[in-house]
Amino acid sequence: MRAVSLVALLAGISPLAQAGNPLGIFNNAGQDAQELSRLVALFGGVSIAVIVLIALLLISAIWHRRTADTTGGRPQRDEGGMPWIYWGVGLSAVVLIICMLFNLKTIAATSTPADDDGALTVHVTAHQWWWELTYQDPDSHKVFLSANEIHIPVGRKVKILLDSADVIHSFWVPSLAGKMDVIPGQTNVTWVQADEPGVYRGECAVFCGAEHARMEFRVVAQDPKDFAAWRSHQLEDAPQPQDAATLRGRLVFESRCAACHTLRGSSAAGMAGPDLTHLMDRSTLAAGVLPNDAGHLAEWIRDPQKQKPGTEMPQVPLSETDLAAIVAYLRTTH
Amino acid sequence: MLVTVDEAERHERELEDIWETKGGPFFGWFISVDHKSIGKRYLITSIIFLILGGLEAAVMRWQLAQPDMHVLTPEAYAQLFTMHGVTMIFLYAFPVLSGFSNYLWPLLLGSRDMAFPRLNAFSYWMFLLAGIAMYVSFIAGRAPDNGWFNYVPYANGTFDPGVNIDAYALGMILLGISTTVGGINFIVTLIRLRAPGMSLNRVPIIIWGTLTASLGNLFAVPSVTLAFVLLWFDRTYHTHFFDSTGGGQPLLWQHLFWMFGHPWVYSIVLPAMGIVSDGLPVFCRRPLVGYSVVALATVSTMVLGFGVWVHHMFATGLPVTSLSFFSSASMVIVLPSAVAVFAWLATIWTGRPQKHVTAFLFFAGFVILFVIGGVSGFMTAAVPADWQLTHTYFVVAHLHYVIIGINVFAVVGGVYMWFPKMTGRFMNETLGKWSFWLMFIGFNIGFFPMHIVGLQGMPRRIYTYPADVGWGTMNLIITYGAYLFAMGVLLFLINVVISRIGGKAAGSNPWGGGTLEWSVSSPPPPYNFKLIPIVARRHPLWEEELGEGQDRSSTNAKGFLLNHGRETLGTTMLDAEPDVILKMPGDSLTPLILALALSAFTVGLLFKLWIVFGIGGGISLLACVFWLWPERSLSQVER
Amino acid sequence: MDASVLPENPLPVGSKSHHASGWWGMLTVVATEASVFAYLLFTYYYVAAHTSNPWPTGGLPKLSLALPGTIILVLGSVVMSWGEHGIRRGSTGRLITGLAVSIGLALLFLGIQFWEWFHKPFNFNYDAYSSIYYVTTGFHMAHVAVGVLMLAAVLLWAALGMFDARRHAAVSIAVIYWHFVTVVWLFVFFTFYISPRLS
């Protein structure tokens, strides 16, 4: 395998796809992803070798030295061509069979693990154009919702159940796993595993409407201890307002935003949009479109259509003071 | 009944009179059933669609040249990439090959026309109307915007209301009719209308390519037509074929679409590969190496092509056994492809390639693009690799190497080769070489980096991307390359126009080709052949040079005159022995009327315009009865 | 083939049964139409295998109408063959009888089908099964209707005396289509009425 990777490296696939490409497929951080990119490298290496070989053959076929032309351009029969086909097809078949075996081996190695009892399970529901997350637990009090940022413990296979609320999407974290389409009416299963703590970017890979381009998500792989702490924190409600401004913000939020959003710690319990209970624990807004800071949050609420044309979030008419109050309140949702 | 060429000369005026389209340049254009006019129309119309699709791509490449550009709204971008795909795949890539095949088949086979000349005209009109149907919604402000494979449930009325998807459905249904009747015409022409002695193992490879494509379409097109009809039912009458809330299956659409889609891919490359397999020998001055295995490979590619559709669906959550099977089946296509590649290489190596001829450059360039497009397909056939590669620009790169590399390069090379036959004039070779190198270099700069940006994680069909994912550089290179390629295509088009007006005169056989089309004048007379020749070899015009055996074809010596009205010779299926003298129909307005009426009928049905539906249906019915009315004059005489 | 070995005997002119290009054309039409039905039945089996709804909707479909309908359609095909053999022997009368009886039987079949349509416990957009049932049978009925139009045209031409023992290509061509419509119904019948009884 090393020799093959070397071929790919020499051929220039790997370096081109690494640095500065957080979504590149060779930034493997998990075992499965590594298997996949090894296979891509093997097939890519063979492919490049074939291209180079045929290019060389083609060039020499055109320009190789020939006996002086005494035919005057008259067509000639030359029976010598058939061995090309015998050898070419024969060698292709050998390479093909070897590649097929590697392919089948990798399919077997990367398909669903047999025993998945007790695996941490996250139910992902894809929406136009964001990701709803439900952390499952046998104890229904320990189930909670989140959006767009999947926290997982490192070194463990995490089961991802995929459902769609509307159209077909595809769930893809290139560093951790291959794609799995998200199809309405069927629950697909995929697994992600990160061996190193870090933030891995993911995106929707199947065209799903106007904002398909901006339907990102993140997988945050944490030390198991940190993950457990994060998880128990998520089960808590959002903090209570501590001053008049945030208290007013919560009131405005409850009257203007509650139709779509849930925010535990307030009376808001809408289900159409993302759960905002711990909004400030996430690093981006609107599925990766904006950084999560006070300025962008205000801009986003003021005119969502401007930031993400076509988004389902409506422009709610708000006075500047109401807007500021909502932002102030949401900024406390750690 | 066999007459000599001297005697035939005396009947030339008579034949001309029988076969010429009457009615003047205007009306004559609407009634002509001459395969040569129809073939040229197909070529010109599909190249107009190529230009439209190219303009759409040019705007998209501008939008993508850098991160966070605002040239287009997301919705406009969605319409453009959809129409670009629809245009190139349905309105350019296949019809352009139909153009070549329509023009060339009777000339290659030694016949005076196709088996069903009026059906041929009808097929063209339906294609034109299908293209118009798809573009009308563009003008109306809302074109199809769900990608050319139009997955449900996004294509359902809930998510994508409006006429756009219905217009796409309409276009596909009309195009399906056009493709099907066109395919029937090719199949029956091959079975019945080969010159005497042109047994199946003597037909040129482009005939095998088009025949295979036609047979494939006969079985594949119904799938997509059905899919669009069912979708229309779901959208209009709220049935539940694809709707999971009513027990339907969104994945059913993908199965039906790709059971059609994959054979379709082969039908837009196999005839193009045929062009190269027939073109290279002319410019390498020797017959194709391995004719029989190449013909066999052509057919087996299509046969395999019916068993691999699932490789478009590797990430949909199918069971492992199914993935393994379809993955292996897809990889096996490497073998027939290898046959073709090594046959071309061997033909060049053992021949004397005419390196200075533009057509040869296109065919030779095609070979390497074919390999690049092939191996990237091989990579995506590996399931685990595909889980990373599918839905990304890697696939975009792959399909452009297939459609541009294998289709466009063969087509442009084919135009350089047969332009003298079609017009009697050479194309300009200096411009030709410029156009080749601009296209070849521009194409590779524009499309090879798409593989890389795909490996960098860029998904298809995104209207923009943020700066921090690192795709900016590659996309800028891609845009420059694509524009360079477009300039090459533009140069080619300019060359076509100026050569049509003032190109150097070409004789009947300017390249010294060996097949029958080079035995008639350039451009060919309306009746194609004064005498339907008797064919003894695969290359009737190269018999002396190749010196194979004693038998000689009778081109320009002796043959069937058939001058009692429009007639051609019907021969037996395998050995092409003379069987019957077929009466051929005259020029007719009926194909156009039927095409218009049938389109009105379909429009009426799809958009619930019941009056249009009724009138269209009624006229269609009358047109059919009129078309098929048995002619008493065709009594069974023998001659 | 060498020009010198060509048979010099005269060739027939014009079309005649399988000499006719139209005969080959109709075979290809049948191939493509058969594919449409194959994909429709694929749709049936695919959805049946994947749906979580009860299948078929409304319990096993009754044979009380479909079975007689099937017999009527097969009978029509047999009668048509009899008529076609008639014209081969030059009997226009027998051809006309065959055509007329076939058309009558086909109309009867359509009547039965419509009756069944309007007495189903569900309509076409009730669920996936109902959609597939109505569209598949409806599509077949459309084919029967087209067949009736074809036979009617042939009947008209026969009445005008256009056919005889040597010249009846149009009859042979229409008959191919007619047999196809019958045969494909057997597959539809098996799928909707028999296959649910087997599982």
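The structure this text deals with has already been given above.
These numbers come from a predicted model, not from an experiment. (Residues numbered from 1 in each chain as written. Chains lettered and ligands numbered in written order. Predicted model: local features only at pLDDT ≥ 70, side-chain atom pairs only at ≥ 80, totals over all residues.)

Draft legend 1. Region of interest: the overall build of chain A. Across its full length, chain A carries nine helices and twelve strands. Whereas a compact globule of 334 residues would reach a radius of gyration of roughly 20 Å, chain A reaches 27 Å, over 25% beyond that. By its C-alpha atoms, chain A is 100 × 45 × 35 Å across when sized along the principal axes. Within chain A, the fraction of its 334 residues that count as buried is 43%. Within chain A, contacts between residues separated by at least 24 positions form 64% of all contacts whose residues are at least 6 apart in sequence. (Helix = DSSP H or I, 4+ residues; strand = E, 2+ residues; numbered from the N terminus. Rg over C-alpha atoms; globule rule 2.2 N^0.38 Å. Buried ≥ 20, exposed ≤ 12 C-beta atoms within 10 Å, placed from the backbone. Contact = placed C-beta atoms within 7 Å.)

Draft legend 2. Just the interface of chain A and chain B, in detail. Opposite the 77 residues of chain A that make contact, chain B presents 79 residues. Mapped onto the side of chain A that touches chain B, the elements with two or more residues apiece are α2 (13-16), α3 (31-63), α4 (82-110) and β7 (180-182) of chain A. A per-element tally of the side of chain A that touches chain B places α3 of chain A first, with 16 residues. Of the residues belonging to the side of chain A that touches chain B, the class tally is 41 nonpolar, 25 polar and eleven charged. (Nonpolar A, V, L, I, M, F, W, Y, C, P; charged D, E, K, R; others polar.)

Draft legend 3. Broad picture of the interface of chain B and chain C. Each partner contributes to the interface: chain B provides 54 residues, whereas chain C provides 44 residues. Taken together, the elements giving at least two residues each to the side of chain B that touches chain C come down to α7 (164-192), α8 (205-237), α9 (250-284), β5 (578-583) and α20 (610-628) of chain B. With eight residues, the single largest contributor to the side of chain B that touches chain C is α8 of chain B.

Draft legend 4. Structural detail: the sheet that holds strand β6 (residues 169-172) of chain A. Residue and element names in this part refer to chain A. On the basis of which strands lie adjacent, the open sheet formed by five strands has the order β4-β10-β9-β6-β7 and mixed pairing. In this open sheet, the two strands that pair with only one neighbour each are β4 (149-153) and β7. This sheet shows a mean twist of 25 degrees between the axes of neighbouring strands, independent of strand direction. As paired strands, β6 and strand β9 (residues 198-204) are joined by two bridges and run antiparallel to one another. Bridging across to β9, Trp 172 finds its partner in Glu 203. Along the sheet, helix α5 (residues 224-235) makes contact with β4 and β10 (216-222), crossing β4 at roughly 135 degrees. (Pairing = 2+ DSSP bridges. Axes fitted to C-alpha atoms, helices over the stretch in contact; angles between N-to-C directions.)

Draft legend 5. Inspection of the packing of α4 of chain A against helix α11 (residues 320-332) of chain B at higher detail. Two elements in contact, α4 of chain A and α11 of chain B, have axes whose closest approach is 11 Å; the angle formed by their N-to-C orientations is 165 degrees. By the criterion of interaxial angle, the relationship of α4 of chain A to α11 of chain B is roughly antiparallel. You can see that α4 of chain A and α11 of chain B cross each other, and the crossing is right-handed. Contact residues: Leu 96, Met 100, Asn 103, Leu 104 and Ile 107 of chain A in α4 of chain A; Val 320, Leu 323, Ser 324, Ser 327, Ser 328 and Met 331 of chain B in α11 of chain B. (Parallel < 35°, antiparallel > 145°, perpendicular 65-115°, else oblique. Left-handed = near helix turned anticlockwise from the far one by under 90°.)

Draft legend 6. Focus on the nonpolar core. By size, the foremost hydrophobic cluster in this structure holds 367 residues, and its most contacted members are Phe 43 of chain A together with Leu 256, Val 341, Phe 342, Ala 343, Leu 345 and Phe 366 of chain B. In contact with Phe 43 of chain A, not counting residues within four places along its chain, are Cys 99 of chain A together with Phe 378, Met 379, Ala 382 and Ala 385 of chain B. (Core = buried A, V, L, I, M, F, W, Y, C linked by C-beta atoms within 7 Å.)

Draft legend 7. View of the sheet that holds strand β5 (residues 158-164) of chain A. Residue and element names in this part refer to chain A. As summarised here, the arrangement of the five strands in space is β3-β2-β1-β5-β8, forming an open sheet in which the pairing is mixed. Two strands lie at the open edges of the sheet, namely β3 (144-147) and β8 (188-192), each paired on one side alone. For this sheet, the mean angle separating the axes of adjacent strands, direction not counted, is 30 degrees. Relative to β5, strand β1 (residues 121-127) runs parallel, the two being bridged by six bridges. Following the sheet pairing, Thr 121 is matched in β5 by Lys 159.

Draft legend 8. Local environment of unusual backbone geometry. With an omega dihedral of -5 degrees, the bond running from Gln 128 of chain A to Trp 129 of chain A counts as a cis peptide bond. For Trp 129 of chain A, the position within the fold is in the loop between β1 and β2 (130-135). For the bond running from Val 152 of chain B to Pro 153 of chain B, omega is 0 degrees, close enough to zero to count as cis. Not every positive phi belongs to a glycine, and Asn 150 of chain B is a case in point at roughly 50 degrees.

Any functional reading would require information beyond the geometric quantities listed.
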